[in-house]
Amino acid sequence: MRALIRQPAFLALQQLKQQEQGTSLAQRFADDPARFEQFSLGFGDHMRVDLSRQHWSAEVRAQLCRLASDMSLRQGIDALFGDNAFNHTEGRAALHTALRMPPKAKAMHRGENVVPKVHAELARIQDFCRRVHGGIWHGYTGRPISDVVNIGIGGSDLGPAMVAEALAPCRDKGIRTHFVSNMDGAQLGSVLAGLDPATALFVISSKTFTTDETMTNARAARSWLMTACGGEEHIARHFVAVSVNAEAVTAFGIDEANMFRFWDWVGGRFSLWSAIGLPIALAVGFERFQQLLAGAHAMDEHLRQAPFEQNIPVLLALLSIWNINVLGLQSEGVFPYHHHLKRFPAFLQQLNMESNGKGVNNAGQPVDHATGPVVWGEVGTNGQHAFFQLLHQGSVMVPAEFIGFARSAYPYPEHQRKLLANMLAQAQAMAFGKAREQVESELAAEGLSAEAVAELAPYKVMPGNRPSTVILCDELTPYNLGALIAMYEHKTFVQGWLWNINSFDQWGVELGKKLAARLIDDLDHGVTLGHDSATNGLLAQIKLWSVSF
Ligand SMILES: O=P(O)(O)OC[C@H]1O[C@](O)(CO)[C@@H](O)[C@@H]1O
């Protein structure tokens, strides 16, 4: 297959660039009163995705869809649900979609249908939740569990932490959840300080069960608990594990009976649907966890069945290809207008940037085009009072994705109306801005002199013409959240397919881990030599200031 930038459809898109850039968003809307209907898509009765405020036309969309067809995307999508070898640099499949399939479905991996074992593990999770919620599984003094502490990092943290927070209004099981990920005792220390060891349950979540941050935190948590309860025999009531590595789990001292499994065909950043989602099920109940899976599965089916022109994740990915590879926009802002989605941008950063931050294609050659964008964001309206200035008037153009919900679980209708109004206003301001003439007439109406108007006007002009997407749902339910996350997973996958990169490995994080291992040793022994001069100098300074090394 020819590379993206040598595809005839891509060359056609490049030809269209000038013409498209020459038409402002304001002009597009003026020319076509039905633009919203033309460029917005529904997902069932719960979600509407508005792509009308992007710098594209029906012609661009058609060429992008042709590009996807020419690059055999349909074949790629089919493979995502079957026995693929997508993660060829690690010798693994990418089969996370099997985690949310109904019991009777089939997903083959090396000749075996994996769906029955997925459901067998789900049944174990359900049973465990029942025991914890019913107080049958209790702490060493006999009191029921009140606090669940997930110890994990990356995909073993971000997904469950984001979802547990997002579904906060559904937390009716009497369980508080905490997430400890960082190699910084400040995080573990502050979580432990608020816990009663007799009612705390630690979930050690690590696909490999070798990640240094997780194992360091897990060992410290175990010592803390031992000090409180005074005996190794009590540990089993307070520690469970989620991993693929049974040997390492038992070596740590957790019985295999208290280990929840997933499989090497589940990448870390795609793992929240597996037993890695245990803290979610403990926090909001197993039924809601099932609804989350159902929402994701519905999005899977949409990806598989909808024609490209109406396929939400496909169009999101194609638009990002258009923005990145043709228009040269290298960053994407994600702004959920829901306070409980405050961890969503961080989750998306791992999902997209760890997947698509690659510089070598599937044939081992350097790519000759841009790949994954810088993904960042913050909840609205907080972001508006922080960095939206740059979005509106800065010299960088950042396509924005606004995510909003018509209904709120909280009884503050005024807040909700104002929240939604703000989200819509930001998308409007980005697209249509404010022209100089309007600024001048407003200033004049305020009574400013002609001289003052001329002086102030340039600062108040809003250039507009900045692209954005609005994703609107009826409410932040487990089902909608599942669909939303799966939508972004598939956007990431489709981007990776078209860029012809492996979206499922992450070799780029390895070197730092190796270097850190040597530096940990040096800090342990007070060594300040043998590195580059900057590292040696900083080691010496740390040694001077530190009392503990
Ligand atoms: O679940 P594990 O094996 O502890 O890995 C945690 C995270 O570390 C990474 O491998 C990156 O270092 C992620 O891909 C992964 O989600």
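This is a predicted model, so every value here is computed, not measured.

Talk me through the side chain of Asp 505; I want residue IDs and the actual numbers.
Along the chain, the position of Asp 505 falls in the loop between α19 (478-499) and α20 (510-525). The contacts of Asp 505, once residues within four sequence positions are left out, are Asn 87, Thr 89, Glu 90, Arg 269, Glu 354 and Lys 358.

Please give an account of the sheet that holds strand β8 (residues 239-243) that cites residues and values.
As summarised here, the arrangement of the five strands in space is β6-β5-β7-β8-β9, forming an open sheet in which the pairing is parallel. One side of each edge strand has no neighbouring strand; the edge strands of this open sheet are β6 (176-180) and β9 (259-261). Adjacent strand axes in the sheet meet at a mean angle of 20°, parallel and antiparallel pairs treated alike. When strand β5 (residues 147-151) meets strand β7 (residues 200-205), the two strands line up parallel, connected through five bridges. Bridge pairing links Val 148 to Leu 201 in β7. In the packing of helix α6 (residues 115-133) onto the sheet, contacts are made with β7, β8 and β9, and the angle to β9 comes to roughly 145°.

Give me the lowdown on the site of the ligand, citing residues and values where you can.
The ligand sits among 15 residues. The nearest are Ser 156, Ser 206, Thr 208, Thr 211 and Glu 354. The protein chains hide 88% of the 390 Å² of surface that the ligand would expose on its own. The cavity where the ligand resides is the largest pocket. Looking at side-chain class alone, the shell around the ligand contains two nonpolar, nine polar and four charged residues.

Lay out the UniProt feature "active site" (unreviewed entry) in the chain in plain terms, naming residues and giving numbers.
The positions UniProt marks with the feature "active site" (unreviewed entry) are Glu 354, His 385 and Lys 513. The greatest C-alpha distance among the annotated residues, which extend across 160 residues, is 36.4 Å, indicating that they are dispersed rather than converging on a single site. Put simply, the named residues that line the largest pocket are Glu 354 and Lys 513. Within the secondary structure, His 385 is located in the loop between β11 (374-377) and α15 (388-393). Its relative accessible area of 72% is what places His 385 among the exposed residues.

Quick rundown of the packing of helix α12 (residues 286-305) against α19? Include the residues and the values.
Helix-helix packing is characterised by the crossing angle of the two axes and by the distance between the axes. Closest axis-to-axis distance for the α12/α19 pair is 7 Å, and the angle between their directions is 40°. Accordingly, the angle class assigned to the pair α12 and α19 is oblique. As for how α12 packs across α19, the hand of that crossing is right-handed. Residues Arg 288, Gln 291, Leu 292, Ala 294, Gly 295, Ala 296, Ala 298, Met 299, Asp 300 and Leu 303 of α12 lie in contact with α19, whose contacting residues are Pro 478, Tyr 479, Leu 481, Gly 482, Ala 483, Ala 486, Met 487, His 490 and Val 494. Its residues assigned to classes, the contact of α12 with α19 shows 13 nonpolar, four polar and two charged.

Quick one: what's the story with empty space enclosed by the protein, residue by residue and with numbers?
Tallied over the full model, the rule gives four cavities of 30 Å³ or more. A volume near 90 Å³ is recorded for the largest cavity. Surrounding the largest cavity, Gln 54, Leu 316, Leu 319, Ser 320, Asn 323, Glu 332, Pro 399, Ala 400, Glu 401, Thr 469 and Lys 491 form its lining. Those elements that place two or more of their residues in the lining of the largest cavity are α13 (312-326) and β12 (400-405). Sort the elements by how many residues they give to the lining of the largest cavity and α13 lands first, with four residues. Each residue belonging to the lining of the largest cavity can be placed in one class, and the counts come to four nonpolar, four polar and three charged.

Cut-off values and rules
Residues numbered from 1 in each chain as written. Predicted model: local features only at pLDDT ≥ 70, side-chain atom pairs only at ≥ 80, totals over all residues. Heavy atoms only, no water. Helix = DSSP H or I, 4+ residues; strand = E, 2+ residues; numbered from the N terminus. Contact = heavy atoms within 4.5 Å. Pairing = 2+ DSSP bridges. Axes fitted to C-alpha atoms, helices over the stretch in contact; angles between N-to-C directions. Near = heavy atom within 4 Å. Areas by Shrake-Rupley, 256 points an atom, 1.4 Å probe, with all protein chains shown as cover. 1 Å grid on protein atoms, 1.4 Å probe; cavity = no way out; pocket = protein on both sides within 12 Å on 5 of 7 lines; lining within 4 Å. Sits in = over half its atoms within 2 Å of the grid points. Nonpolar A, V, L, I, M, F, W, Y, C, P; charged D, E, K, R; others polar. UniProt positions renumbered as here; feature names shortened; annotations may be inferred. Buried < 20%, exposed > 50% of the residue type's maximum accessible area, 1.4 Å probe, protein only. Parallel < 35°, antiparallel > 145°, perpendicular 65-115°, else oblique. Left-handed = near helix turned anticlockwise from the far one by under 90°. Points joined across faces, edges and corners; volume = space filled by probe spheres on them.

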